[in-house]
Amino acid sequence: MTIYCDESGGLNADAMTFSAVMLTPKAAADIHARFRGVTGLRGELKGSRISIVERAYLLELFDRAGGRAWVAIAERDKLAQNPGGTLPSDLALYAALLNLAIGRWLPETGGVCTDVVIDDGRYDPKILSHVREEIQAGLGQWGRASLADSKRSDGVQIADVIANSLFNITVGSQRAHRIQRIIDPMLASKAIRVAHLTHIG
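Here the structure is a predicted model, which is why all the values come from computation and not from measurement. Here, residues in each chain are numbered from 1, in the same order as that chain's written sequence. With the structure being a predicted model, the display of local features is reserved for residues of pLDDT at least 70 and the display and counting of side-chain atom pairs for 80 or more, all residues being used for whole-chain, interface and lining totals. The side-chain quantities take in all heavy atoms of the structure and omit both hydrogens and water.

Trainee: In this structure, what is going on with the nonpolar core? I would like to understand it.
Mentor: Buried together is how nonpolar side chains tend to be arranged in soluble globular proteins. To define a nonpolar core, start from buried Ala, Val, Leu, Ile, Met, Phe, Trp, Tyr and Cys residues and group those joined through side-chain atoms within 4.5 Å. Relative accessibility thresholds used throughout: buried, under 20% of the residue-type maximum; exposed, over 50%; partly exposed, between the two (1.4 Å probe, protein chains only). The biggest cluster of nonpolar side chains holds 32 residues, and the ones touching the most others in it are Leu 23, Phe 62, Ile 162 and Ile 192. Strands here mean DSSP runs of E at least two residues long; helices mean DSSP runs of H or I at least four residues long; both are numbered from the N terminus. Among the elements of the structure, β2 (15-23), α1 (25-39), α2 (52-64), β3 (68-75), α5 (154-171) and α6 (176-188) are those that each provide at least two residues to this core. For this core, the leading source of residues is α5, giving six residues. The contact definition used throughout considers only heavy atoms, calling two residues in contact when any of these lie within 4.5 Å. Apart from residues lying up to four places away in sequence, Leu 23 is in contact with Met 1, Thr 2, Tyr 4, Ala 28, Ile 31, Phe 62, Gly 67 and Ile 158. Core analysis: the next-biggest nonpolar cluster, separate from the first, contains 31 residues, Leu 98, Ala 101, Val 131 and Leu 139 among them.

See the structure below:
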């Protein structure tokens with residue numbers, strides 16, 4: 001199995017969400033190909049660019065394929081401030097959310113080799129390489145952590161849609177109510193699970 005990772009939002013948008021999606025590479029490719037074939041999508045699959053109906057269809061394909069996800073969420077107003085009264089940096093928050101989401105998965109892998117694929121688009125590659133090394137250290141012999149261009153990763157694009165869905169719900173966007181209705185059955189079945197981050201360190 002592979003864990004595909006992507007994030008949505010940031011403290012300047014009142015919340016950041018980080019999704020860690022578990023799928024086989026074949027399942028991710030099949031979901032992505034079917035979605036594109038039906039919707040006629042051109043360009044990168046991103047949660048911020050698709051309609052509510054397209055989102056519902058993608059998540060239905062994900063659920064039907066047995067996909068599962070942990071989504072780590074941090075809300076600006078619920079995040080503990082540093083001693084000086086400042087909030088953590090964007091990178092520190094990103095790394096903490098990543099560690100939380102992957103940390104929830106590792107005990108459930110049963111020691112089975114699991115690769116972790118992280119979107120390389122948010123930060124400078126040198127900075128992200130340090131994040132990747134930390135995840136690799138946590139994985140040990142269980143798997144391999146790598147960075148991927150989301151445009152070339154089926155699983156990362158699916159992870160983007162899930163992160164974006166929970167971001168919309170968390171910040172109460174105009175689409176939040178309808179997205180909540182799409183997500184609710186998957187939350188109930190635990191196909192998608194949520195972990196809240198309230199402090200770092």
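Trainee: Help me understand unusual backbone geometry, please; the structure alone is not making it clear to me.
Mentor: For residues besides glycine, phi is generally negative; the peptide bonds are generally trans as well. Notably, Asp 14 is not glycine yet its phi reads approximately 80°, a positive angle. Residue placement: Asp 14 occurs in the loop between β1 (2-10) and β2. A positive phi is found at Lys 190, a non-glycine position, where the angle reads about 70°.

Trainee: Looking at this structure, how should I read the pairing of β3?
Mentor: Side-chain direction in a regular strand flips from residue to residue, so the side chains alternate between the two faces of the sheet. Counting buried positions along β3 yields six of eight residues, so the element is predominantly enclosed. When DSSP finds at least two bridges between two strands, those strands are taken to pair. Bridge analysis of β2 against β3 gives eight bridges, and the strand direction is antiparallel. Along β3, the bridge assignment pairs Met 16 with Ala 74. Relative to strand β6 (residues 192-196), β3 runs parallel, the two being bridged by five bridges. From the neighbouring strand, Ile 73 faces β6, where its bridge partner is His 196.

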